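Letter by letter, the chains look like this.
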Amino acid sequence: MVEIGSLHGWSTSRLLRALADNETGRLVTADLIDRATETVPKSLPEGRWEFRKGHAKPSPATGCPMWTICSSTPITAPASRAGYLADVFPVLRPGIPVSVHEVFHRAVPLPFTEGVEVLRWLDRAGTAYFTAARARAPRTGWSRTPGT
């Protein structure tokens, strides 16, 4: 899995817990802030986690089986437009599962945020995504198929 954005490492910890429970898989995390390396419980990574400080860049991990994106940054900090939306997203394998979080603090994403840009890009590319955000899908999570 690839995770873009980790901040405090809460989602990172959950992803690593799932990988440990399944006894398989690896997680590559890219973030400008390395706070997660201090907060993720030391027992979770066990050779399953690689943290890359800095902007996400195309790499062999680009073709991994799943992506998760934390997109709560105001777009006034244009890391997403100039960074992974321009460099990484265009080389994603078609049909790759994408999970978005920190986008739906309400049923509709806040304007002028990185999350809006991510959702626009996914829609234009015809890439479906999933979110478990309670504000968007109070009971089961919500999948969105492009064009709907």
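Refer to the structure above for everything that follows.
Conventions and cut-offs
Positions within a chain are numbered from 1, following the residues in the order the chain's sequence is written. Whole-chain, interface and lining totals are the exception, using all residues; otherwise, since this is a predicted model, local features are given only for residues with pLDDT of at least 70 and side-chain atom pairs are given and counted only at 80 or more. No hydrogens and no water enter the side-chain calculation; it runs on all heavy atoms of the structure. Secondary structure counts use DSSP, requiring at least four H or I residues in a row for a helix and at least two E residues in a row for a strand, with both numbered from the N terminus. With a 1.4 Å probe rolled over the protein chains alone, any residue whose accessible area is under 20% of its type maximum counts as buried; one over 50% counts as exposed, and the rest are partly exposed. What a helix should span is 1.5 Å times the count of its residues minus one. Throughout, a residue-residue contact means that at least one pair of heavy atoms, one from each residue, lies within 4.5 Å. Put simply, a salt bridge is a Lys or Arg side-chain nitrogen that is within 4 Å of an Asp or Glu carboxyl oxygen. DSSP-based pairing: two strands are paired if at least 2 bridges between them are found. Only Phe, Tyr and Trp rings are paired, with Trp represented by its six-membered ring, and only when their centres lie within 6.5 Å; those with planes under 30 degrees apart are stacked, over 60 edge-to-face, the remainder tilted.

1. Thoughts on unusual backbone geometry
Here is step 1 of the chain: Phi is positive for Glu23, close to 55°, though the residue is something other than glycine.
Here is step 2 of the chain: Mapped onto the elements, Glu23 comes out in the loop between α1 (10-22) and β2 (27-31).
Here is step 3 of the chain: Judged by its relative accessible area of 69%, Glu23 falls in the exposed class.
Here is step 4 of the chain: Its identity is not glycine, yet Glu46 carries a phi of approximately 30°, on the positive side.
Here is step 5 of the chain: Here Glu46 is to be found in the loop between α2 (36-39) and β3 (49-53).
Here is step 6 of the chain: The exposure class assigned to Glu46 is exposed, which follows from its relative accessible area of 59%.

2. Examining α1
Here is step 1 of the chain: Compared with the 18 Å implied by 1.5 Å per residue over 13 residues, the 19 Å span of α1 between its first and last C-alpha is a close match.
Here is step 2 of the chain: Against β1 (2-4), β2, β3 and β4 (67-70) lie the buried residues of α1.
Here is step 3 of the chain: Just beyond α1, the residue with positive phi is Glu23, at close to 55°.

3. Considerations on the pattern of salt bridges
Here is step 1 of the chain: Applying the stated rule across the entire model yields six salt bridges.
Here is step 2 of the chain: Through salt bridges with shared partners, one network takes in Arg26, Glu50 and Arg52.

4. Brief notes about the pairing of strand β5 (residues 98-101)
Here is step 1 of the chain: Alternating residues of β5 divide into Val98 and Val100 and Ser99 and His101, and every residue in both groups is buried.
Here is step 2 of the chain: The sheet contact formed by β4 and β5 spans four bridges and is parallel. Bridge pairing in β5 links Thr68 to Ser99.

5. Thoughts on helix α5 (residues 114-125)
Here is step 1 of the chain: Compared with an ideal rise of 1.5 Å per residue, which puts twelve residues at 16 Å, α5 spans 17 Å between its outermost C-alpha atoms and is within 8% of the ideal.
Here is step 2 of the chain: Restricting attention to buried positions, one finds in α5 the residues Glu114, Gly115, Val116, Glu117, Val118, Leu119, Trp121 and Leu122.
Here is step 3 of the chain: Phi for Gly126, located one or two positions after α5, is positive at around 75°.

6. Considerations on the packing of aromatic side chains
Here is step 1 of the chain: In the structure shown here, the tally under the stated rule is one aromatic pair.
Here is step 2 of the chain: For the pair Trp49 and Phe51, a centre-to-centre distance of 6.0 Å together with 75° between the ring planes defines the contact as edge-to-face. Like Trp49, the residue Phe51 is buried in the burial classification.

7. Brief notes about the side chain of Ser13
Here is step 1 of the chain: With respect to the helices and strands, Ser13 occurs in helix α1.
Here is step 2 of the chain: You can call Ser13 buried: its relative accessible area is 15%.
Here is step 3 of the chain: Beyond its immediate sequence surroundings of up to four residues, Ser13 is in contact with Val40, Pro41 and Leu44.

8. As for the environment of Tyr84
Here is step 1 of the chain: By the secondary structure assignment, Tyr84 is in helix α4 (residues 84-87).
Here is step 2 of the chain: Judged by its relative accessible area of 5%, Tyr84 is buried.
Here is step 3 of the chain: Along the primary structure Tyr84 and Val118 are separated by 34 residues, whereas in three dimensions their C-alpha atoms are 9.6 Å apart.

Purely spatial values, then, with no claim about function.
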